[in-house]
Amino acid sequence: MSVIQQGTATLRKAKKTTVKTCLDNPFVFQWKTIDGEDMHFILETLEERIKHIGLKKIESPRKKKRSLTKKQTERKCDAGTNELPKEETESHQQQPGWTDVSIRRQLAIGVNEVTKALEKNELLLLLVCKSAKPAMLTTHLIELSASRATPAGQVPRLSETIAPLLGLTSILALSFKKQSDKFTEAIAAIIPKIPALEVPWFQYRTEESMAYADTDSSENLEPEELAEVLGDELTSQKQKHMESNRPDLSNVILQPLKIKKLVPNPDKIKKPPRKKKKAFSA
């Protein structure tokens, strides 16, 4: 039997497990995916319109500089300064950036830019790509779009179809701002194809998000006047839609919030210690 001498052993107190309580949303939001003919129609209209406008982002080419030999430098000096290589002339013709900045300002591209525009209530239409992973990247846009009465839907193949046309690698969210005269006809054609969003605390009527007036009387107008008329109709009818579709609070049912208890690092996995670099002795 080993006897523990007094003053040599110390009792260690067990550490209390830190628990963080947080409130969770009881509702689960999901996009209504637009499939079939409506999906093809939306992608085709956007593709035709972007090709017609010619909006594209041109990136500056990144090429490694190679060290020239003495003979190559002598040949360049002999050739003269008047003749420029083909690569330099092409780079001067196409400057990096967007081809038309004014048209680019009529769009909001990307999740961050779309979120800011929705918070300011600047959008007429929002399209989200289905390939966004994880899904929580775009789920917050459902409540924002419903609160602003902005038509929004999830379109498969949006990124792989539209991103190459705009000179981008991927597009998770694409939206059109108010007073976008270059996309008024496309917006008017796409909005009826988008289903209404389902948010429990917005009891809107299940009607089309916007009702468009007959355009027979505007056939004889010039393109600029037609764009102004369509833009005014979009904004005025959206205001009427928001006034007529006010929430009916009589049928609202309150839901209890879920309480979650999170334990950070429950398995108590410790990070491996960093190896210190040994100083080399001279």
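Residues numbered from 1 in each chain as written. Predicted model: local features only at pLDDT ≥ 70, side-chain atom pairs only at ≥ 80, totals over all residues. Heavy atoms only, no water.

Asker: Could you give an account of the sheet that holds strand β7 (residues 173–177), with specific residues and numbers?
Answerer: If you trace the four strands from one edge of the open sheet to the other, you get β4-β7-β5-β6, paired in mixed fashion. The open sheet has two edge strands, β4 (107–109) and β6 (152–155), and neither has a second partner. Mean inter-strand twist for the sheet, computed between neighbouring axes without regard to direction, equals 20°. Here strand β5 (residues 123–129) pairs with β7 via five bridges, running antiparallel. (Pairing = 2+ DSSP bridges. Helix = DSSP H or I, 4+ residues; strand = E, 2+ residues; numbered from the N terminus. Axes fitted to C-alpha atoms, helices over the stretch in contact; angles between N-to-C directions.)

Asker: Break down the packing of aromatic side chains for me, citing the residues and quoting the values.
Answerer: Applying the stated rule across the entire model yields one aromatic pair. With a centroid separation of 5.3 Å and an interplanar angle of 50°, the aromatic rings of F176 and F183 are classed as tilted. Among the residues examined, F176 registers a relative accessible area of 2% and is labelled buried. Stacked on the ring of F41, the Lys or Arg K193 has its end atom at 5.2 Å from the ring centre. (Phe/Tyr/Trp six-rings, centres within 6.5 Å; stacked < 30°, edge-to-face > 60°. Buried < 20%, exposed > 50% of the residue type's maximum accessible area, 1.4 Å probe, protein only. Lys NZ or Arg CZ within 6 Å of the ring centre and 35° of its normal.)

Asker: Run through the side chain of Q154, naming residues and quoting values.
Answerer: Looking at the element boundaries, Q154 is found in strand β6. What makes Q154 buried here is its relative accessible area of 10%. A polar contact of 2.8 Å, which involves the side chain of Q154, links it to the side chain of T33. Beyond its immediate chain neighbours, meaning those up to four positions away, Q154 contacts W31, K32, T33, I34, V128, C129 and K130. (Polar contact = N/O pair within 3.5 Å; in protein donor to acceptor, adjacent residues only side chain to side chain. Contact = heavy atoms within 4.5 Å.)

The analysis is restricted to geometry; functional conclusions fall outside its scope.
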